[in-house]
Amino acid sequence: MQETRHQFREDLKELERQVLGGLDLVISQLDRALESVSYQDVELAAMVVADDDRIDGRYLEVHQGILSLLARQSPVATDLRIVAALLHCIRCIERMGDQCVNIAKLVPLSGHDAPKDKDTLDAIERMGQLARSEVSQAKDALSTRNVELAQDLVRQDAEINRLNRAIFKRAVEIGDDLELREWGMFMILVARCLERVGDNAVEIAEQVVFVVTGLFREMADIGASAETARSS
Amino acid sequence: MRGTLMLATGVALVPLILVIYYLLYKGLSSWSGSFFSTDPTGNFFGNPGGIRSAIFGTLEIVALASLLAIPIGIAVALYLTEYGKEGWFANLVRYFVDVMTGVPSVVFGLFIYIVLVISHAGGSGFAGWKGALALALLMLPIVIRSSEVVLLLVPGSLREAALALGAPRWRIVWRVVLPTARSGLVTGSLLAVARGMGETAPLLFTVSLATAATANLNGLMNSLPLQIYTDITSPRDVIVARAWGAALTLVALVLILNVIARLISRRSSMA
Amino acid sequence: MIPPETTSKEPKEMSAAEERSQQAEAAPDLAAMGEQRKGHGVKVRDLHAYYGAVHAVRGVDIDFPANEVTAIIGPSGCGKSTMVRCINRMHEEIPGARSEGSVTLDELDVYGAGVDVTAVRRMIGMVFQKPNPFPTMSIFDNVAAGLRLSGTKSDNLRERVHRALRAVGLWGEVKNRLNSPGIGLSGGQQQRLCIARAVAVEPEVILMDEPASALDPIATLKVEELIDELKSRYTIVIVTHNMQQAARVAKSTVFMLDGEVVEHDETTKLFTRPADERTERYVTGKFG
């Protein structure tokens, strides 16, 4: 027996596929942006900036698709939560794309053959890996509706926040060399962008929990230990 | 196919047209002022008179019969549709009513004859009111049948609406069902009256014949069907002509009633 | 039948005041009914209803709070209409139908011994799916019918009829033709006329059995707007198979399936986060 509202289910699945695909785009953008920072690759950075159009385009597609679905199908209950969550997620994706662009734009500014600080570079690399893994895990949590996976993201995000603070501290203490100090400031900006990517990934995780449980809880306050249940 | 049906229609129409033709041909000539204003004299020779008493008699007897048959008939129909519905008793009543519509009219006449005429009930033998009773018995099942049909046409949603407003059942019948069915009930009753007007046999055994116009329902009365019955076998042509005139009058009366019934039903469906 | 035009070919502009008063007459005006009165709640406990041997309603417990709109949704044949008709004792009018259990209007047990059925129906009014104004009566008589049929003596019949028409927002449309036949109105107007008829009797509770399902979308919205106004004076129970309507109109919603109550919750919660899997499947259209 064919399920009722067949077209509606198809349309909803398609929207979700587009959102998950958007997360893939973000991951690839992030990879390239980080690579361009590590190797001072200005051309690669330029490509990242140009390719953000794809993410923006994806945002418009999903947004339009959601409006159309709301107008035509009047989703309720779980379907309604999914639609609301997808709208939220595609917004986060668009912001993450913008953060990748910000990182890429910093590459030419931080100068060629500038002196580099190994600790900072290591920290940035570590942050990049974490951010990438957060986005990837958010994607998995969303596609499998896995609440535990979503809640685990907070743990990783705590680490990113720590690294962000560490890089800031290092830049303050980096020394008297003007060029080095300048480079250090740019690295602060890169770190900040990565930290924002992590926050957006956490927001996506919150939406996953919302879809499954119907309850919306801010996960930033939860921390690595057992979540404190807030009255809904 | 079409040809066959047209043929059947023709076969049915021909006698009808012939009847009307004969009625007009033979009866119209005896219509006159004195025809309607004088009573039949009953004399074999001389002036035969008109049919005034017959007309009066028919009107009086049928009026009484209607007074009996119509209210009772509608009441029974109301019982069947509002209270009895599909109950065993209601179905029994319906069965009997159906049987009654098939009873030949002469049987009603005989029944009243045996029960009321021979026994001289009410202090008289043949009497107008007894004839009216016989006619009423004849008209009753017709009224019941047609009224039930009309009452069933009243949408159940109206009754529901009235019930939901907190109306007791009798008030629903009185203020909703009857007004809504009114024109249909009137039509059905008029048709029953038209039928009753033309019946000869019941009157034969209950009213017999008289010549003078009278308002005394407790005695012999004249009526159109009986006048025709007695006149048509007369050897005198002018009396036979009178019979035709009376027949034409009767048909005219029935026609008028039918037209009134049509007008009423047409006006109500123009809401 | 086309209702007569009320304005001849006059210039289109009206004064602002005229326009405002016309709009005011078109909007339902419950204040016309008089001073505020508190409604009464209905409690249904362990209600069973049968059509002969068919067990249509199986042990239903629901509270209908005063001055609130409660919607009943569910697939065809789930017993929602039957259950509602047990509240004003219309169910027993069907040959072979019977019911058990208790229905109380505040403290009054509607099925109590010695309780007059017609009095119950005066306190619990009903509006049906297909508008059913009395065809032989004028607009005025239709609204007055509630009072006349139930035998309520009232000295100010005229006033009560006018008030009821104002209350349902029909006044502006019919004030010049109160004596024309009730069935000459459009479907939506007829339904509002039936609501005025029910309201004129001043019941405590108004039951509505799919009141808008025979109406076009604009008329539906007008009826829904009216329901929203009516709740300030009456307790309203609305049976509907249109979920969006339940969502728009009702504060709480009951979902029934196979004669039982599956879920009864605040409308928003039922439609965003239903607790029962069956409710989820029904409202999202996975079966229907």
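To keep things clear, this report deals only with the structure shown in the data block.

What to know about the overall build of chain C
Line of reasoning, step 1. On a plain count of helices and strands, chain C comes out with 11 helices and 10 strands.
Line of reasoning, step 2. Radius of gyration (C-alpha) of chain C: 20 Å, near the 19 Å computed for a compact globule of 288 residues.
Line of reasoning, step 3. Dimensions of chain C along its principal axes, counting C-alpha atoms only, are 60 × 45 × 35 Å.
Line of reasoning, step 4. For chain C, with 288 residues in total, the buried portion stands at 53%.
Line of reasoning, step 5. Partitioning the intrachain contacts of chain C with sequence separation of at least 6 by distance along the chain shows that 68% fall at a separation of at least 24.
Line of reasoning, step 6. Surface exposure of chain C reaches about 12700 Å², of which carbon and sulfur atoms provide 50%.
Line of reasoning, step 7. Charged side chains of chain C number 35 positive and 40 negative; the gap between the two group centres comes to 3 Å.

Description of the overall build of chain B
Line of reasoning, step 1. Scanning chain B from N- to C-terminus turns up 11 helices and 0 strands.
Line of reasoning, step 2. Ordering the α and β elements of chain B from the N terminus gives α-α-α-α-α-α-α-α-α-α-α.
Line of reasoning, step 3. With the C-alpha coordinates aligned to their principal axes, the bounding extent of chain B is approximately 70 × 60 × 35 Å.
Line of reasoning, step 4. Looking at chain B residue by residue over its 271 residues, the buried ones come to 44%.
Line of reasoning, step 5. Summarising the internal contacts of chain B: among those between residues at least 6 apart in sequence, 70% fall at separations of at least 24.
Line of reasoning, step 6. For chain B, the exposed surface amounts to about 13700 Å²; the carbon and sulfur share of it is 72%.
Line of reasoning, step 7. In chain B, 18 positive and 10 negative side-chain charges are present, and the distance between their average locations comes to 6 Å.

Considerations on the sheet that holds strand E10 (residues 260-266) of chain C
All names here are of chain C.
Line of reasoning, step 1. Pairing is mixed in the open sheet, where 6 strands are placed in the order E6-E7-E8-E3-E9-E10. Strands at the two margins of the open sheet, each flanked by one partner only, are strand E6 (124-127) and E10. If you compare each strand with its neighbour and ignore which way they point, the axes differ by 20° on average.
Line of reasoning, step 2. The sheet contact formed by strand E3 (residues 69-73) and strand E9 (residues 252-257) spans 4 bridges and is parallel. Residue pairing in the sheet places threonine 70 in a bridge with serine 252 of E9.
Line of reasoning, step 3. Helix H7 (residues 187-200) contacts E6 and strand E7 (205-209) of the sheet and is inclined by roughly 170° relative to E6.

Observations concerning the interface of chain C and chain A
Reports of interface size often rely on the accessible area that becomes lost once the parts have come together.
Line of reasoning, step 1. The partner chain A presents 13 residues to the 11 residues of chain C that form the contact.
Line of reasoning, step 2. At the boundary of chain C with chain A, total buried surface from both sides reaches about 990 Å², with 49% on carbon and sulfur atoms.
Line of reasoning, step 3. Broken down residue by residue, the surface that chain C buries against chain A is led by Arg273, Thr284 and Lys286 of chain C, which jointly contribute 47%.
Line of reasoning, step 4. Taken together, the links from chain C to chain A amount to 0 salt bridges.
Line of reasoning, step 5. Counting every contact that joins chain C to chain A gives 6 residue pairs in polar contact (both at pLDDT 80 or more).
Line of reasoning, step 6. Of all elements in the fold, only helix H10 (267-272) and helix H11 (277-283) of chain C reach the threshold of two or more residues within the side of chain C that touches chain A.
Line of reasoning, step 7. Here the residues of the side of chain C that touches chain A are counted per class, giving 4 nonpolar, 4 polar and 3 charged.

A few points about the interface of chain C and chain B
Line of reasoning, step 1. The interface is formed by 25 residues belonging to chain C together with 18 residues belonging to chain B.
Line of reasoning, step 2. In this structure, the connection of chain C to chain B is made through 2 salt bridges.
Line of reasoning, step 3. In this structure, arginine 85 of chain C and glutamate 160 of chain B form a salt bridge, with 2.6 Å as the shortest nitrogen-oxygen distance.
Line of reasoning, step 4. Our count for the contact surface shared by chain C and chain B stands at 4 residue pairs in polar contact (both at pLDDT 80 or more).

Remarks on the pairing of E9 of chain C
All names here are of chain C.
Line of reasoning, step 1. Taken across its 6 residues, E9 has 6 buried, putting it largely inside the fold.
Line of reasoning, step 2. What you see with E9 is no split at all: Ser252, Val254 and Met256 on one side and Thr253, Phe255 and Leu257 on the other are buried throughout.
Line of reasoning, step 3. Summarising the sheet, E9 and E10 pair through 6 bridges and their orientation is antiparallel. In the sheet register, valine 254 faces E10, and the bridge partner there is histidine 264.
Line of reasoning, step 4. The turn joining E9 and E10, which pair antiparallel and follow one another in sequence, is formed by 2 residues; a positive phi near 50° is taken by aspartate 258.

Observations concerning empty space enclosed by the protein
Line of reasoning, step 1. Using the criterion set out here, one finds 4 cavities of 30 Å³ or more in the structure.
Line of reasoning, step 2. Lining the largest cavity are Ala161, Ala164 and Leu165 of chain B together with Met126, Val127, Phe128, Asn132, Cys194, Arg197 and Ala198 of chain C.
Line of reasoning, step 3. Only helix H7 (156-164) of chain B together with E6 and H7 of chain C provide two or more residues apiece to the lining of the largest cavity.
Line of reasoning, step 4. With 3 residues, H7 of chain C is the largest single contributor of residues to the lining of the largest cavity.

Considerations on helix H1 (residues 6-38) of chain A
Line of reasoning, step 1. Look at H1 of chain A: 48 Å from first C-alpha to last across 33 residues, which is about the 48 Å you get at 1.5 Å a residue.
Line of reasoning, step 2. Positive backbone phi, at 55°, marks glutamine 40 of chain A, one or two positions downstream of H1 of chain A.

A closer look at unusual backbone geometry
All names here are of chain C.
Line of reasoning, step 1. Of note, arginine 89 is a non-glycine position whose phi angle comes to about 60°, a positive value.
Line of reasoning, step 2. Note on placement: arginine 89 falls in the loop between helix H2 (80-87) and strand E4 (97-105).
Line of reasoning, step 3. Residue classification places arginine 89 among the buried residues on the basis of a relative accessible area of 11%.
Line of reasoning, step 4. A positive phi angle, near 50°, is found at aspartate 258, a position not held by glycine.
Line of reasoning, step 5. Tracing the backbone shows aspartate 258 in the loop between E9 and E10.

As for the environment of alanine 71 of chain C
Residue and element names in this part refer to chain C.
Line of reasoning, step 1. Inspection of the secondary structure puts alanine 71 in strand E3.
Line of reasoning, step 2. The class of alanine 71 is buried, set by a relative accessible area of 0%.
Line of reasoning, step 3. In this structure the C-alpha to C-alpha distance between alanine 71 and glycine 96, which are 25 residues apart in sequence, comes to 28 Å.
Line of reasoning, step 4. Contacts of alanine 71, omitting those with residues within four sequence positions, involve Ile238, Ala246, Ala250, Ser252, Thr253 and Val254.

Some thoughts on the packing of H1 of chain A against helix H2 (residues 42-73) of chain A
All names here are of chain A.
Line of reasoning, step 1. Running from N to C, H1 and H2 cross one another at 165°; their axes reach a closest spacing of 10 Å. As far as their axial angle goes, H2 and H1 are roughly antiparallel. When you trace H1 past H2, the crossing you get is left-handed.
Line of reasoning, step 2. Among the residues forming the contact of H1 with H2, the class breakdown is 15 nonpolar, 7 polar and 9 charged.

Some thoughts on the packing of aromatic side chains
Line of reasoning, step 1. In total, this model carries 11 aromatic pairs over all chains according to the counting rule given.
Line of reasoning, step 2. Measuring from ring centre to ring centre gives 5.7 Å for tyrosine 21 of chain B and tyrosine 25 of chain B, while their planes differ by 0°; the resulting arrangement is stacked. One end of the pair, tyrosine 21 of chain B, and the other, tyrosine 25 of chain B, are both in helix H1 (residues 2-27), 4 residues apart, so they sit about a helical turn from each other.
Line of reasoning, step 3. Exposure remark for tyrosine 21 of chain B: the relative accessible area of 46% places this residue in the partly exposed category.
Line of reasoning, step 4. In this structure an aromatic cluster arises from ring pairing among Tyr21, Tyr22, Tyr25 and Trp244 of chain B.
Line of reasoning, step 5. If you follow arginine 5 of chain A out to its NZ or CZ, it ends over the ring of phenylalanine 8 of chain A, 4.2 Å from the centre.

Digging into the arrangement of the chains
Line of reasoning, step 1. Comparison of the 2 pairs of chains in contact shows the highest number of contacts for chains B and C.
Line of reasoning, step 2. At no point do chain A and chain B touch; the closest pair of C-alpha atoms across them sits 34 Å apart.

Quick notes on the sheet that holds strand E2 (residues 54-64) of chain C
Sheets are built from strands that pair by backbone hydrogen bonding, the pairs being arranged parallel or antiparallel.
Residues and elements named next belong to chain C.
Line of reasoning, step 1. With respect to topology, 4 strands assemble into an open sheet ordered E2-E1-E4-E5, the strand pairing being antiparallel. Every interior strand has two partners, whereas the edge strands, E2 and strand E5 (108-109), have only one.
Line of reasoning, step 2. Across 8 bridges, strand E1 (residues 42-51) lies against E2 in antiparallel orientation. Within E2, the position partnered with valine 42 by the bridge is phenylalanine 64.

Thresholds, definitions, all that
- Residues numbered from 1 in each chain as written.
- Chains lettered and ligands numbered in written order.
- Predicted model: local features only at pLDDT ≥ 70, side-chain atom pairs only at ≥ 80, totals over all residues.
- Heavy atoms only, no water.
- Helix = DSSP H or I, 4+ residues; strand = E, 2+ residues; numbered from the N terminus.
- Rg over C-alpha atoms; globule rule 2.2 N^0.38 Å.
- Buried < 20%, exposed > 50% of the residue type's maximum accessible area, 1.4 Å probe, protein only.
- Contact = heavy atoms within 4.5 Å.
- Areas by Shrake-Rupley, 256 points an atom, 1.4 Å probe, with all protein chains shown as cover.
- Lys, Arg positive; Asp, Glu negative; His and termini not counted.
- Charge placed at Lys NZ, Arg CZ, Asp CG, Glu CD.
- Pairing = 2+ DSSP bridges.
- Axes fitted to C-alpha atoms, helices over the stretch in contact; angles between N-to-C directions.
- Buried area = accessible area lost by both parts, 1.4 Å probe.
- Salt bridge = Lys/Arg side-chain N within 4 Å of Asp/Glu carboxyl O.
- Polar contact = N/O pair within 3.5 Å; in protein donor to acceptor, adjacent residues only side chain to side chain.
- Nonpolar A, V, L, I, M, F, W, Y, C, P; charged D, E, K, R; others polar.
- 1 Å grid on protein atoms, 1.4 Å probe; cavity = no way out; pocket = protein on both sides within 12 Å on 5 of 7 lines; lining within 4 Å.
- Points joined across faces, edges and corners; volume = space filled by probe spheres on them.
- Expected span 1.5 Å × (residues − 1).
- Parallel < 35°, antiparallel > 145°, perpendicular 65-115°, else oblique.
- Left-handed = near helix turned anticlockwise from the far one by under 90°.
- Phe/Tyr/Trp six-rings, centres within 6.5 Å; stacked < 30°, edge-to-face > 60°.
- Lys NZ or Arg CZ within 6 Å of the ring centre and 35° of its normal.

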